[in-house]
Structure formats: C-alpha cells, structure tokens
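# Observations on the model geometry
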2 protein chains.
Amino acid sequence: MPRWDTMHDLPTGGQAGGRHGRGPLWWHGRFHGCGYRITVPRQAILNVLSKTSEHLSAEDVYIAVHKIYPNVGLTTVYRTLELLVQMGIVCKIDFGDKRARYELSEGPKGKRHHHHLVCTKCGRIIDYTDFIDKEIELLTKTEKALAKKHNFEINNHLIQFYGLCSECRKE
Amino acid sequence: MPRWDTMHDLPTGGQAGGRHGRGPLWWHGRFHGCGYRITVPRQAILNVLSKTSEHLSAEDVYIAVHKIYPNVGLTTVYRTLELLVQMGIVCKIDFGDKRARYELSEGPKGKRHHHHLVCTKCGRIIDYTDFIDKEIELLTKTEKALAKKHNFEINNHLIQFYGLCSECRKE
DNA sequence: TTAGTAATGGAAACCATTATCAATAAGGAG
DNA sequence: CTCCTTATTGATAATGGTTTCCATTACTAA
Ligand SMILES: [Mn+2]
Ligand SMILES: [Mn+2]
Ligand SMILES: [Zn+2]
Ligand SMILES: [Zn+2]
C-alpha cells in the first residue's frame, strides 16, 4: 500500500530522468499550478516515462508501473497520460500500429523536440534531431506564411518519415 | 439490382474526377495489371472519392455509396479502401479524431501531393500546396541525409500542422 | 476531526476495424 | 452466349484499444 510519504523510494532514473537538483521533480510545479494533485500513480507513470527512450503504449506504461505498484489500474494510466498530454508534458503520437504511443515531450533539461523515422515493416521508431535545425527554420517560415494565408493559428506540427529500417532492408 | 453493364450511368464527377479521355477510367489498367477485378462496389467507391475534396472516413464513403448502391456493405468499403491504399491510389491519414480518413492520393491528372492544416478544435482540415515547393526541396535533402545516416529507406512522409482555424480563433 | 472534492480502479460499455464463411458475380475459355 | 473457376462480396460475430460509470479512497483546507 504505497503512501505519499514513501514516494522518495521511487526510482528516479538517475540523471537521465530530468531531475532538477534535489528539489521536487520539475513537473511538480506545473501540477500545483493547475491545482492538480501529486499522487502515487502519477509519480509512477511520469517516472516510467522519464526512464525510457522508447515510445510506450498505454499498456506498456501500465505494465511497467504495475511491476512496482500492482494496484494502479489501467484506467488511471489512460487518464493520467491524457492529462499529461493536455498539459503539454507528454506527446501522444500515432505511428500506424493501432495504439497511441506516448513520450515525454521535453523536460526543462530533457530531450529536445524531434521527429521520427517509422519502419513500416517492423514498426521500429527512430528519433532524429540532427537535421531538425534547417527543418525548424523552414517550418517557422512555412507556419508564418500558412498562418497568414489561411488565418490559422499554428500551435504544433507533426513530421514523420516512413520506410524500411536497416534491418528490414536486408531481405 | 445494379449490373455491371449499367455502370456507365455512374456519375463521373465531370472533369474533376480524373478521367482520361473517353476510355476506361485511369485506374482500370492498374487493376487489371494486378489481376484485380473491376466491380460495382469498387467503381462506386472510387467514384465517391473522385467527386469530393473532403477527407472521408470509411463510414462517410459507405453512406455516400449506399445512396446509390444500397446493397454495398460496410465491410467491402473497408476492404476496398485498404486495397486502394495498398495500391497507392488512396491515402489513409489519421487526423487525431479516432477514425482513419481517406483521399485520392493523385490521379494522373489529379490533385497534387499536399500536406494538411488540422484544426484541433472543430476538426476542419485544410489542404495546402502553396508552400510545398520549398518544403519538398528540404524534405528531399533531409530524406537523403537521414537515409544515409540511419541506413533507412524512406518511401513516404507525413507533415501536418495543428492549431486553430479562422472560425475557431474568433472565440 | 471533518467535510468537500479530486483521484482511483474494476467492470461494463463503446466503437472503429477485422475475421468468418456461405453466397454471388467478374471475366476468361470454349 | 454459356459455363466454370475463383475473386469478391456482405451479414454477422468477434476483436481490442479506449472511455464511461460509479462506488470507494485519499488529499486538502478549515
Ligand atoms: Mn520520439
Ligand atoms: Mn488532403
Ligand atoms: Zn524495420
Ligand atoms: Zn476550427
């Protein structure tokens, strides 16, 4: 029966998790600011997302959380992920397999905004940031032009490349 | 009871539909080439897609087809759309509402490859091609660089901008 | 403590998409 | 044109990811 005051036992994922010194985790402020409570399931879920570099489905998250907190329900995982998406803390992406996948969008010191290569054969996902700079530049221009022309307020974009990964090319 | 030899009564959508002169419709050859049969439901479905500039869901297509051929089943619509996607005749896109949407990818004289603006409030979709040229240029470069770096064979890409359309900005 | 409310989790409901399978019909051979 | 082979169809049932319900639990402030 995990309690709030035992939460310091939660694995933090070392430096990779996106801690901010020794204080509360960086997202605590965001939560308090919105009047949301910091609960065991939410901690656990964010913790799972912080520790992985993969693109987890809701069930993946559920399984990972379940190992440490077996009484956290799948429903709560869905609810929490939705909340985090809505807060901008987590990205929800569709890669064409038929389940939503989630990843931390960017901690203050965390991963940068990036795009994806998607293997249409094996489903592998490759993050890339290398060529983003030029892309961002063009995107900014394009967004401005589109916004003006269609009187559209652009808040976000999605770029994905589909094809065959190195493994799947071999055959 | 529509019969094959009545199919010339199918509305063709005028010039916008992508006819190739007076002969069989342009995709007939593709079908024969693959050994696929040309059937009433397939004609009707392609006809619906040819006549609209919207991004129809499978059910939308079903409803439209159903008005003229009430005995065409939803299952067949799904199957046919999947076939057309697999043949490259139709694009299947996810806009974040939870249903796949379909549009003709490009007839020989048909619409060009394009990207989308998606209103996250009302769901409106805006096609744009205006700024594509520069994008394509960068995309080509990016694709080449990514392909080399990750040994990835890129076959396709998806670009979408999310935000608020002119209507939804007013409030 | 206590009341008020946010959050939770198990179970049932939802709903787009697929799988089944017997019936139908496209299209080639004759 | 007729017949035959088999691709295609469509009603129905099943699937599976996601939501909804609602009674229970647990923060938080007074
Ligand atoms: Mn990623
Ligand atoms: Mn379009
Ligand atoms: Zn692969
Ligand atoms: Zn809108």
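Use the structure listed above.
Residues numbered from 1 in each chain as written. Chains lettered and ligands numbered in written order. Predicted model: local features only at pLDDT ≥ 70, side-chain atom pairs only at ≥ 80, totals over all residues. Heavy atoms only, no water.

## So, the overall build of chain A
The secondary structure content of chain A amounts to 6 helices and 6 strands. Counting helices and strands in the order they occur from the N terminus, chain A gives α-α-β-α-α-β-β-β-β-α-β-α. Counting across all 171 residues of chain A, residues that qualify as buried make up 42%. By sequence separation, contacts in chain A at least 24 residues apart represent 52% of the contacts at least 6 residues apart. Put simply, chain A shows about 9700 Å² of open surface, and 51% of that area lies on carbon and sulfur atoms. (Helix = DSSP H or I, 4+ residues; strand = E, 2+ residues; numbered from the N terminus. Buried < 20%, exposed > 50% of the residue type's maximum accessible area, 1.4 Å probe, protein only. Contact = heavy atoms within 4.5 Å. Areas by Shrake-Rupley, 256 points an atom, 1.4 Å probe, with all protein chains shown as cover.)

## Re the coordination of the zinc ion (ligand 4)
All names here are of chain B. Around the zinc ion (ligand 4), the protein supplies Cys119 (SG), Cys122 (SG), Cys165 (SG) and Cys168 (SG) as donor atoms, at distances of 2.2 to 2.4 Å. Geometry at the zinc ion (ligand 4) is tetrahedral, judged from its 4 donor atoms and the angles of 104 to 115° they form at the metal. As a motif over one chain, the donors of the zinc ion (ligand 4) read C-x2-C-x42-C-x2-C. On the basis of relative accessible area, Cys119 is assigned to the buried category, the value being 3%. (Donors = N, O, S within 2.8 Å, 3.2 Å for Na, K, Ca; no water. Tetrahedral: all angles 85-135°; square planar, octahedral: opposite > 155°, others 65-115°.)

## Looking at the sheet that holds strand S4 (residues 115-119) of chain B
Pairing in this open sheet of 6 strands is mixed, and the strands run S5(A)-S4(A)-S6(A)-S6(B)-S4(B)-S5(B) from one edge to the other. A strand with exactly one partner marks an edge of an open sheet, and here the two such strands are strand S5 (125-128) of chain A together with strand S5 (125-128) of chain B. This sheet shows a mean twist of 25° between the axes of neighbouring strands, independent of strand direction. Sheet analysis places strand S4 (residues 115-119) of chain A next to S5 of chain A, joined by 4 bridges and oriented antiparallel. Bridge pairing in S5 of chain A places His115 of chain A opposite Tyr128 of chain A. Set on the sheet, helix H5 (residues 132-150) of chain A makes contact with S4, S5 and strand S6 (153-164) of chain A together with S4, S5 and strand S6 (153-164) of chain B; between it and S6 of chain A the angle comes to about 130°. (Pairing = 2+ DSSP bridges. Axes fitted to C-alpha atoms, helices over the stretch in contact; angles between N-to-C directions.)

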